[in-house]
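Observations on the three-dimensional arrangement
One letter stands for each residue in the lines below.
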Amino acid sequence: MSHKAGFVNIIGNPNVGKSTLMNAFVGERLSIITSKAQTTRHRILGIVNGEDFQLVLSDTPGIIKPAYEMQESMMNFVKSAFEDADILVYMVEIGEQDLKDEDFFRKIIHAKIPVLLLLNKIDNSNQEQLETQVAFWKEKVPNAEIFPISALQNFNVPEVFGRIIELLPESQAYYPKDQLTDKPERFFVNETIREKILLNYSKEIPYAVEIVTEEFHEDEKIIRIRSVIMVERDTQKGIIIGHKGAALKKVGTDARADLEKFFGKQIHIELYVKVNKNWRSNANMLKRFGYNQ
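On a predicted model such as this, the values are computed, not experimentally measured, just so you know.

1. Focus on unusual backbone geometry
One can expect most non-glycine residues to show negative phi and most peptide bonds to be in trans. The phi dihedral of Lys121 falls on the positive side, at around 65°, and the residue is not glycine. You can see Lys121 is positioned in the loop between strand S5 (115–120) and helix H4 (127–140). Backbone geometry at Asn154 places phi at a positive 65°, although glycine is not the residue there. Within the secondary structure, Asn154 is located in the loop between strand S6 (144–148) and helix H5 (157–167).

What follows is the structure, given as C-alpha cells:
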C-alpha cells in the first residue's frame with residue numbers, strides 16, 4: 001500500500017479560526033484559542049497520523065503589519081510557511097475582504113501548490129451573504145478550492161480534511177507515527193499560562209507578557225513546574241499579581257486544570273513575575289524566547 005505525507009500550512013488574518021481548525025484536525029488543543037487577536041506567536045506543528053498517511057499541519061501567527069521586532073519575527077514564521085508547504089490553507093471569515101499584507105496575498109494567488117480557501121464562521125451569516133462571499137473569493141483567488149466551514153461547530157471540517165488527504169503527495173512519514181507535535185512539553189506549559197493571561201487580563205497586559213518555564217520535573221504521578229511570567233514594566237507586574245496575589249493565583253489555578261488534562265497527571269505549578277524592560281524589541285531576549293530563529 002502506498003503512503004502519503006506532506007506539510008499543510010494554515011495562514012490568514014488574525015482571529016479567523018486557524019488555531020481552532022488545527023486543533024479540530026489534530027484532536028488536541030495545541031494552539032491557544034481566545035477571542036483576542038495575535039494569540040498565536042509561533043509556528044506550531046500538529047501531526048495527524050493514519051495507517052497510510054501523515055499530515056503535518058502548521059498553525060501560523062495571523063498576518064499583520066509589524067510594529068516592533070517581535071511582530072517582525074512572527075511574520076517570518078508566516079513567510080517560512082510558504083517555503084515548505086505541499087498544500088496551502090488560506091482561511092478567511094465571513095465579511096472579510098483582503099489580507100493585511102499584499103505581498104502574502106500575491107504569493108497565495110501565484111502559488112504552484114494546491115490552495116484551499118476556507119470561508120470560516122458561516123454560522124454567523126445567512127445564505128445570501130454566503131453566496132455573495134463565495135462569488136467574491138472565487139474571483140479574488142481563482143486558483144483556490146473554496147469550502148464554507150464553521151471550525152467551531154465542525155461544519156464541513158471532515159470534508160476539508162478528506163480533501164487534504166486526497167491532495168497529499170506520496171511520501172514516507174516525516175515524523176515518528178506516535179508523535180503529536182514538534183514542540184517540547186515546556187512550550188505547552190508556557191502557552192497554557194499565556195492563554196490564561198489573555199483570558200484574565202485586558203488592554204496591553206497580555207501582549208507585553210512572555211512565559212519561561214525554568215523547571216519541569218516529571219515523576220510517575222506528578223509533574224512539578226516552575227514558570228516565570230515576564231513583563232516589560234513594574235506597573236504590569238503589579239497588575240499580573242493583583243491584590244494580595246489573587247490574580248496570579250487564579251492564573252495558576254486555571255493553568256493547572258488544563259495542564260492536568262493535557263498531561264494526564266497531577267500538576268504542581270509555581271508562578272513568579274519578573275520585569276524585563278522592552279523585551280519585545282530586544283533581539284537577544286527574542287532569541288531566548290524562541291523568536292528570530
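2. Quick notes on the pairing of strand S7 (residues 210–218)
Sheet topology places S7 next to strand S8 (residues 222–231); eight bridges connect them, and they run antiparallel. Among the inter-strand pairings, Phe216 is bridged to a residue of S8, identified as Ile225. Linking S7 to S8, which pair antiparallel, is a turn of three residues.

3. With respect to the pattern of salt bridges
What the rule picks out here adds up to nine salt bridges. In this structure, Lys121 and Glu93 form a salt bridge, with 3.3 Å as the shortest nitrogen-oxygen distance. With a gap of 28 residues between them, Lys121 in the loop between S5 and H4 and Glu93 in strand S4 (residues 87–93) connect regions that are remote in the sequence. Of the residues examined, Glu93 reaches a relative accessible area of 23% and is grouped as partly exposed. Of the charged contacts, one joins Glu214 and Arg226 as a salt bridge, the two residues approaching to 2.4 Å between their closest N and O atoms.

4. What about the packing of helix H1 (residues 18–26) against H5?
The N-to-C vectors of H1 and H5 enclose an angle of 75°; their axes lie 11 Å apart at closest approach. One element, H1, and the other, H5, form an angle in the roughly perpendicular class. Residues Leu21, Ala24 and Phe25 of H1 form the contact with H5, whose participating residues are Val157, Val160, Phe161 and Ile164. Among the residues forming the contact of H1 with H5, the class breakdown is seven nonpolar, no polar and no charged.

The rules behind the values
- Residues numbered from 1 in each chain as written.
- Predicted model: local features only at pLDDT ≥ 70, side-chain atom pairs only at ≥ 80, totals over all residues.
- Heavy atoms only, no water.
- Helix = DSSP H or I, 4+ residues; strand = E, 2+ residues; numbered from the N terminus.
- Pairing = 2+ DSSP bridges.
- Salt bridge = Lys/Arg side-chain N within 4 Å of Asp/Glu carboxyl O.
- Buried < 20%, exposed > 50% of the residue type's maximum accessible area, 1.4 Å probe, protein only.
- Axes fitted to C-alpha atoms, helices over the stretch in contact; angles between N-to-C directions.
- Parallel < 35°, antiparallel > 145°, perpendicular 65-115°, else oblique.
- Contact = heavy atoms within 4.5 Å.
- Nonpolar A, V, L, I, M, F, W, Y, C, P; charged D, E, K, R; others polar.

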